[in-house]
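In case you want the letters, here they are:
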Amino acid sequence: KAGMVRVFRDFRKATRGVVDEEVATVQCLLRDAADAMRTLPPWQGLAPTKFAVAREDMAKYVFAQLHSTIFVKKAYQARDRALSAHHDAIRPLVTPFFLDLKEEVAANDVIPSAIAQLCDIDSFVSPFEKLACLFSACRILSFVLSTGGSEGSADDLLPLLIYVVVQSHLTTLCSNIEFISRYADPDEKSGEAFCFFIHFTSACTFLEQTTPESIRQ
């Protein structure tokens, strides 16, 4: 832990604010810490599932310590503000009719739960916890689609996810997308949660490219 503290203390100076340097340093730190844990009590000899939990707790600690440096970026925050203002402008126009959604689907009683799960993304500092929020939100939306007679395919999910994103009033879209893209564990990028993350980024891109004029056409 003392070695980690030194890394945290010197992190900003060592990486010089260069995002790729920050990502490489964090990945190296997480890998080295996990390797060290395997040789030290109380983690040495742990069953794989228990070690995975311990490794996750260690990663949460690392991301919490570095959050103000690796998540908070002026360029991302500027885009966050621009996207938030853009969503405010188009929100009244992004209706179920515009998205070709059934009114009863958009008005389902559990949609607010999906929005709440999505907004929880800012309550966490690690990429895997943020992905878990997206996963929970999308699973709720998939359930809504299934109760409405849909197969819940990606083509079915995207319009509803677009609707939920714009209704969420989430103000950190760019920051979260960039953070998860850069810091998600490579193993996570082949899982269902990251697949939902791709849908989420597609929904955000659609909204960013949608203008009041294009909606009114």
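Let me begin by describing the structure that accompanies this report. (Residues numbered from 1 in each chain as written. Predicted model: local features only at pLDDT ≥ 70, side-chain atom pairs only at ≥ 80, totals over all residues. Heavy atoms only, no water.)

### Looking at the environment of P159
Argument step 1. Position of P159 relative to the elements: it lies in helix α8 (residues 154-168).
Argument step 2. When the C-alpha positions of P159 and F206 are compared, they lie 9.7 Å apart, and in sequence the two are 47 residues distant.
Argument step 3. Excluding residues that lie within four positions of it along the chain, P159 makes contacts with L99 and L101. (Helix = DSSP H or I, 4+ residues; strand = E, 2+ residues; numbered from the N terminus. Contact = heavy atoms within 4.5 Å.)

### Section: unusual backbone geometry
Argument step 1. Residue P42 is reached from P41 by a cis peptide bond, and omega for that bond is 10°.
Argument step 2. Checked against the element boundaries, P42 lands in the loop between α2 (19-37) and α3 (48-70).
Argument step 3. With a phi close to 60°, R16 is a non-glycine residue in the positive phi region.
Argument step 4. With respect to the helices and strands, the residue R16 is situated in the loop between α1 (2-15) and α2.
Argument step 5. Despite not being glycine, D100 shows a phi value in the positive range, around 60°.
Argument step 6. As for its position among the elements, D100 is in the loop between α4 (74-90) and α5 (103-106).
Argument step 7. Taking the relative accessible area as the measure of exposure, D100 reaches 71% and is therefore exposed. (Buried < 20%, exposed > 50% of the residue type's maximum accessible area, 1.4 Å probe, protein only.)

### Overview of the side chain of H199
Argument step 1. Of note, H199 is situated in helix α10 (residues 192-209).
Argument step 2. For H199, a relative accessible area of 17% translates into the label buried.
Argument step 3. Apart from the residues lying within four places of it in its own chain, the contact partners of H199 are A154, L157, L158 and L161.

### Points about the environment of T171
Argument step 1. Along the chain, the position of T171 falls in the loop between α8 and α9 (173-183).
Argument step 2. The residues contacting T171, other than those within four sequence positions of it, are D80 and S84.

### Here we look at the nonpolar core
Argument step 1. Counting residues in each nonpolar core, the largest one holds 43 residues, and the members touching the most others are V165 and F200.
Argument step 2. Put simply, the parts of the chain that give this core at least two residues each are α4, α5, α6 (111-119), α7 (127-147), α8, α9 and α10.
Argument step 3. With sequence-adjacent residues up to four places away left out, F200 is seen in contact with L118, L134, L161, V165, L173 and I177.
Argument step 4. Among the nonpolar cores identified, the runner-up in size contains 22 residues, and M58, F63, F179 and Y183 belong to it. (Core = buried A, V, L, I, M, F, W, Y, C linked by side-chain atoms within 4.5 Å.)

### Some words on the packing of aromatic side chains
Argument step 1. Throughout the structure, instances matching the rule amount to eight aromatic pairs.
Argument step 2. Consider the rings of F98 and F206, whose centres lie 6.3 Å apart with planes at 40°: the pair is tilted. Residue F98 is located in the loop between α4 and α5, and its partner F206 is located in helix α10; the two are separated by 108 residues in the primary sequence.
Argument step 3. Considering the side-chain rings of F194 and F197, the 5.1 Å spacing of their centres and the 50° angle between planes classify their relative orientation as tilted. Pair noted here: F194 and F197 are both in helix α10, with a separation of three residues, about one helical turn. (Phe/Tyr/Trp six-rings, centres within 6.5 Å; stacked < 30°, edge-to-face > 60°.)

### A closer look at α8
Argument step 1. Along its 15 residues, α8 runs 20 Å from first to last C-alpha, staying within 8% of the 21 Å computed at 1.5 Å per residue.
Argument step 2. Of the residues making up α8, those classed as buried are L157, P159, L160, L161, I162, Y163, V164, V165, V166 and S168.
Argument step 3. Structurally, α8 contributes buried residues whose contacts are with α4, α5, α6, α7, α9 and α10.
Argument step 4. In the stretch just after α8, H169 is the one whose phi turns positive, near 60°. (Expected span 1.5 Å × (residues − 1).)

### What about the packing of α7 against α9?
Argument step 1. It is the contact of α7 with α9, at a shortest axis distance of 9 Å, that shows an interaxial angle of 120°. In terms of orientation, α7 and α9 fall into the oblique class. Along this stretch, α7 crosses α9, giving a crossing that reads as left-handed. Residue-level inspection shows P127, K130, L131 and L134 of α7 in contact with α9, the latter providing N176, F179, I180 and Y183.
Argument step 2. Looking at the contact of α7 with α9 residue by residue, the class counts come to six nonpolar, one polar and one charged. (Axes fitted to C-alpha atoms, helices over the stretch in contact; angles between N-to-C directions. Parallel < 35°, antiparallel > 145°, perpendicular 65-115°, else oblique. Left-handed = near helix turned anticlockwise from the far one by under 90°. Nonpolar A, V, L, I, M, F, W, Y, C, P; charged D, E, K, R; others polar.)

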